[in-house]
Amino acid sequence: MTQSGGHAYLLDNRQAEAGRRFNALSTLFDPTTFRHIEQLGIGSGWRCWEVGAGGNSVVDWLARKVGPTGRVLATDIDTSWQTSAPRTPVEVRRHDVGVDDPPVEGFDLVHARLVLVHVPDRERALASMIRALRPGGRLLIEDADPALQPLLCPDESGPAQQLANRLRHGFRSLLADRGADLSYGRKLPRLLREAGLQRVEADAYFPLTSPACTALETATVEQIRGPLVEAGLATDEDIDRHLANVAEGTMDLATSPLISAWGRKP
């Protein structure tokens, strides 16, 4: 599987661990996403485009909010997460937001979470999403900023935490090598203003410890074990020791801050 521009995507939707990652991300971030979309005024009949859906949780929630008179278009470069036939008002479509033209209709809401940080042609992707909005339509972009807080264990209190942070540094190196912008989240408010959106605001959510953080770390490290070892960033022994440390449940594991930025098309 490749992402925009032909770069190999590190976190492939088809890998066995992807489902567990999606579940952990949903647990961590769905409440934040839903709060923002509620504040943007979503209601019955809205037309929504969920970019890089990656799973069903946001899509299903949007479908309930817009009802049978609305529409939810869910797109991704890999739609293998869609295991059942979509039902009204949902349509699932394979689409690469950094390469393909946007859907032609005017949407009331366009949303992407943890998508653009991985897209090499982020400028084109953002322009495509704004183009797809109707006048007055709302854009909500939520992306990580790993460089803003680069540690898995901000409280580096011992050898287990030191190993965890070393492996997190390796993960960030792999992401950067594949074109991810590790400081993208902080740029979002400025980028939305420069694109002409109005009423631009932003905030950040930063979980420091939770069962979902632990589940996310386990699934992610298992998913990237091969690339970490192949790049010489860790040994299998390092990874086995780290996973055992995580399983003990005694470390406070953080995620990168999720920065949410929103605005309205004139």
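Everything below is about the structure printed above this text.
Residues numbered from 1 in each chain as written. Predicted model: local features only at pLDDT ≥ 70, side-chain atom pairs only at ≥ 80, totals over all residues. Heavy atoms only, no water.

Visitor: For this particular structure, what's the right way to read the nonpolar core?
Guide: Nonpolar side chains in soluble globular proteins tend to be buried together. Within the largest apolar cluster, 25 residues are counted, with the highest numbers of intra-cluster contacts made by W49, V97, L116, M129, L139 and I141. Secondary-structure elements contributing two or more residues to this core are β1 (47-51), β4 (107-113), α3 (122-131), β5 (133-144) and α5 (188-194). When residues of this core are assigned to their parent elements, the largest contribution, four residues, is made by α3. Excluding residues that lie within four positions of it along the chain, M129 makes contacts with W49, V51, V97, V110, H111, A112, L116, L139 and I141. Listed in part, the 21 residues of the second largest apolar core include I42, C48, V92 and L140. (Core = buried A, V, L, I, M, F, W, Y, C linked by side-chain atoms within 4.5 Å. Buried < 20%, exposed > 50% of the residue type's maximum accessible area, 1.4 Å probe, protein only. Helix = DSSP H or I, 4+ residues; strand = E, 2+ residues; numbered from the N terminus. Contact = heavy atoms within 4.5 Å.)

Visitor: In this structure, what is going on with the packing of aromatic side chains? I would like to understand it.
Guide: Scanning the model with the defined rule gives three aromatic pairs in all. Where F29 meets Y205, the ring centres are 6.1 Å apart and the plane angle is 90 degrees; that geometry is what we call edge-to-face. In this pair, F29 is assigned in helix α1 (residues 18-39) and Y205 in strand β6 (residues 198-205), connecting sequence segments 176 residues apart. Judged by its relative accessible area of 31%, Y205 is partly exposed. (Phe/Tyr/Trp six-rings, centres within 6.5 Å; stacked < 30°, edge-to-face > 60°.)

Visitor: Help me understand the pairing of β1 in this model?
Guide: When a strand is regular, its side chains alternate between the sheet's two faces. Taking burial as the measure, the five residues of β1 include four buried ones, the bulk of the element. When β1 meets strand β2 (residues 71-76), the two strands line up parallel, connected through five bridges. Following the sheet pairing, W49 is matched in β2 by L73. Note: β1 against β4, four bridges, orientation parallel. Bridge assignment links C48 to a residue of β4, and that residue is L109. (Pairing = 2+ DSSP bridges.)

Visitor: How do you make sense of the packing of α1 against helix α6 (residues 211-230) when you look at a structure like this?
Guide: In a pair of packed helices, the angle between the axes and the distance between the axes together describe the arrangement. The N-to-C vectors of α1 and α6 enclose an angle of 150 degrees; their axes lie 8 Å apart at closest approach. Viewed along their axes, α1 and α6 adopt a mutual orientation that is roughly antiparallel. Considering only the axes of α1 and α6, their crossing is left-handed. Contact with α1, carried on its side by A18, R20, R21, A24, L25, T27 and L28, involves A212, C213, A215, L216, T218, A219, T220, E222 and Q223 of α6 and no other residues of that element. (Axes fitted to C-alpha atoms, helices over the stretch in contact; angles between N-to-C directions. Parallel < 35°, antiparallel > 145°, perpendicular 65-115°, else oblique. Left-handed = near helix turned anticlockwise from the far one by under 90°.)

Visitor: Could you clarify how one ought to interpret helix α7 (residues 236-248) in this entry?
Guide: Given 3.6 residues per turn, any residue in an α-helix points the same way as the ones three and four places further on. For α7, which comprises 13 residues, the first-to-last C-alpha distance of 19 Å matches the rise-based estimate of 18 Å (1.5 Å per residue) to within 8%. Those residues of α7 lying buried are D238, I239, H242, L243, N245 and V246. Along the axis of α7, the buried positions cluster into a sector of 160 degrees, meaning they face one direction only. Along α7, exposed side chains directed more than 90 degrees from the buried face belong to E237, A247 and E248. Backbone geometry just downstream of α7 places G249 in the positive-phi region, at approximately 75 degrees. (Expected span 1.5 Å × (residues − 1). Arc of directions from axis to C-beta.)

Visitor: I tried to follow the environment of L116 on my own but got confused; where do I start?
Guide: Note on placement: L116 falls in the loop between β4 and α3. Expressed as a C-alpha distance, the spacing of L116 and V51, which sit 65 residues apart in the sequence, is 9.4 Å. With residues near it in sequence (within four places) discarded, L116 still touches V97, R122, A125, L126, M129, I141, D143 and Y184.

Visitor: Which parts of the structure should I look at to understand the side chain of N245?
Guide: Tracing the sequence through the fold places N245 in helix α7. Excluding residues that lie within four positions of it along the chain, N245 makes contacts with A160, L163 and M251.

Visitor: I'm lost on the packing of helix α4 (residues 159-177) against α7 in this one. Help?
Guide: Where α4 contacts α7, the axes come no closer than 10 Å and their chain directions differ by 120 degrees. Compared by their axis directions, α4 and α7 come out oblique. The crossing of α4 and α7 is left-handed. Residues A160, L163, A164, R166 and L167 of α4 touch α7, and the partners they reach there are D238, I239, R241, H242 and N245.

Visitor: Before we go on, may I ask you to explain the sheet that holds β6 in this structure?
Guide: As a general point, the strands of a sheet are linked pairwise by backbone hydrogen bonds and lie either parallel or antiparallel. Strand order in the open sheet formed by seven strands is β3-β2-β1-β4-β5-β7-β6, and the pairing between neighbours is mixed. At either margin of the open sheet sits one strand with a lone partner, and together these are β3 (90-94) and β6. Adjacent strand axes in the sheet meet at a mean angle of 15 degrees when their direction is disregarded. Here six bridges tie β6 to strand β7 (residues 258-264), and the two strands are oriented antiparallel to one another. If you follow A204 over to β7, its bridge partner there is I259. Across the sheet, α1 touches β4, β5, β6 and β7, and the angle it forms with β4 is around 150 degrees.

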